[in-house]
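Listed here are the chains, written in short residue letters.
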Amino acid sequence: MKVGIIQQHNGADHTDNVHRLQERVRQLAHEGAELIVLQELHNGLYFCQTEDVALFDQAETIPGPSTESFGALARELGVVIVLSLFEKRATGLYHNTAVVLERDGSIAGRYRKMHIPDDPAYYEKFYFTPGDLGFEPIDTSVGRLGILICWDQWYPEAARLMALKGAELLIYPTAIGTAAYDTPEEQQRQIDAWQLVQRGHAVANNLPVIAVNRVGYEPDPSGVTEGIQFWGHSFVTGQQGEMLCDLSQTEEAGAVVELDLERTELVRRWWPYLRDRRIDSYGEITRRYID
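Described below are features of the structure shown in this document. All of these numbers come straight from a predicted model, not from anything done at the bench. (Residues numbered from 1 in each chain as written. Predicted model: local features only at pLDDT ≥ 70, side-chain atom pairs only at ≥ 80, totals over all residues. Heavy atoms only, no water.)

1. Some details on the pairing of strand S8 (residues 169-173)
Inclusion rule: When accessible area is computed with a 1.4 Å probe and restricted to protein chains, residues below 20% of their type maximum are described as buried, those above 50% as exposed, and intermediate ones as partly exposed. To qualify as a helix, a DSSP run of H or I must reach at least 4 residues; to qualify as a strand, a run of E must reach at least 2; elements of each kind are numbered from the N terminus. One bridge is not enough; two strands pair if DSSP finds at least two bridges between them.
In terms of burial, S8 is largely enclosed, as five of its five residues are buried. In terms of strand pairing, strand S7 (residues 143-147) meets S8 through three bridges, oriented parallel. Across the sheet, the residue bridging to isoleucine 147 is isoleucine 171, located in S8. Direction of pairing for S8 relative to strand S10 (residues 209-212): parallel, over a ladder of four bridges. Note on S10: the bridge partner recorded for leucine 170 is valine 209.

This is the structure in structure tokens:
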């Protein structure tokens with residue numbers, strides 16, 4: 001299967017952001033991509049740097065404008081597209097939601113972000129209710145997709161549950177970057193850790209991983225922090241964590257990467273992690289902490 005990934009530097013103009021994204025989707029589809037993954041909250045700026053009730057106006061319903069617009073594009077090009085949207089589920093109830101569009105433009109399924117961060121410049125708990133759809137893969141014409149979102153990528157439990165439910169690859173739309181007050185050495189440690197933990201999910205579950213991040217600088221509208229330099233480095237790995245593609249740290253980019261999904265069977269014969277799991281001894285994993 002050929003997978004397309006797009007990392008983009010967004011501005012405040014949603015129309016321009018979407019137009020540029022859709023042009024890149026067309027380009028990757030013409031290069032043979034069958035599945036195209038977009039970055040987290042791809043229509044606008046990463047608005048969670050501040051807590052502002054007016055920003056709830058940016059949320060949209062699902063189905064809604066984005067699923068209609070990108071659905072028409074999926075249907076025109078015959079590709080599966082993974083969107084990342086600010087979902088208005090009801091008045092006062094919002095989610096950070098990934099939507100998978102089938103080749104015919106229909107909605108194949110959705111995933112609501114389960115792990116919600118709350119850190120300086122990442123005030124997501126103010127905006128998003130934790131997901132309530134669980135860790136359920138989404139069946140599509142290109143395979144069973146294990147969709148997770150950003151902060152979810154640090155949790156091996158989420159990746160494992162997707163794998164145990166038959167996901168054929170793990171996909172992480174992402175918005176993560178460095179803070180200006182961190183030293184260059186600390187910034188590099190964070191980038192390395194971000195890639196390493198997800199490559200570890202690939203190895204531990206013998207599944208390809210697709211991680212698509214934002215890129216470029218976005219200022220903090222409040223002026224409290226110095227903003228976020230999103231570090232790009234969108235990447236794709238194979239079933240043994242081997243790096244198949246690693247995009248720029250500073251520039252917008254897109255790529256088409258070929259994955260061999262049948263290789264999962266072979267690698268799982270070599271490294272039979274699922275066979276040797278001690279499911280009779282993992283009961284305590286559901287506790288918050290073991291004193």
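2. Some points on the packing of helix H3 (residues 156-164) against helix H4 (residues 184-205)
The condition that has to hold: Angles here are taken between N-to-C directions and fall from 0 to 180 degrees, while the axes themselves are lines fitted to C-alpha atoms, restricted in helices to the stretch in contact. If you view the pair so one helix is near and one far, a crossing is left-handed when the near helix is turned anticlockwise from the far one by less than a right angle, and right-handed when it is turned clockwise. Residue contacts are defined here by distance: any two heavy atoms, one from each residue, within 4.5 Å place the two residues in contact. Residue type decides the class: Asp, Glu, Lys and Arg count as charged, Ala, Val, Leu, Ile, Met, Phe, Trp, Tyr, Cys and Pro as nonpolar, and the leftover types, Gly among them, as polar.
The N-to-C vectors of H3 and H4 enclose an angle of 35°; their axes lie 10 Å apart at closest approach. Two packed elements cross with a definite hand, and for H3 against H4 that hand is right-handed. Two secondary-structure elements touch here, H3 through Pro156, Ala159, Arg160 and Ala163 and H4 through His201, Ala204 and Asn205. Classifying every residue of the contact of H3 with H4 gives four nonpolar, two polar and one charged.

3. Quick look at the environment of glutamine 198
If you trace the backbone, glutamine 198 turns up in helix H4. Classification of glutamine 198 as buried rests on a relative accessible area of 0%. Glutamine 198 sits 121 residues away from leucine 77 along the chain, and the two C-alpha atoms are 30 Å apart. Discounting residues that sit within four places of it in the chain, glutamine 198 has contacts with Gln153, Tyr172, Val209, Ala211 and Phe235.

4. Describing the state of the cysteines
The criterion, for reference: Criterion for a disulfide: a pair of cysteine sulfur atoms within 2.5 Å.
Following the criterion strictly, the structure yields zero disulfides and no others. Here cysteine 150 stays free of any disulfide, with the sulfur of cysteine 48 as its closest cysteine sulfur at 9.8 Å. On the accessibility criterion, cysteine 150 (7% relative accessible area) is buried. Its sulfur unpaired, cysteine 245 is 19 Å from the next cysteine sulfur, which belongs to cysteine 150.

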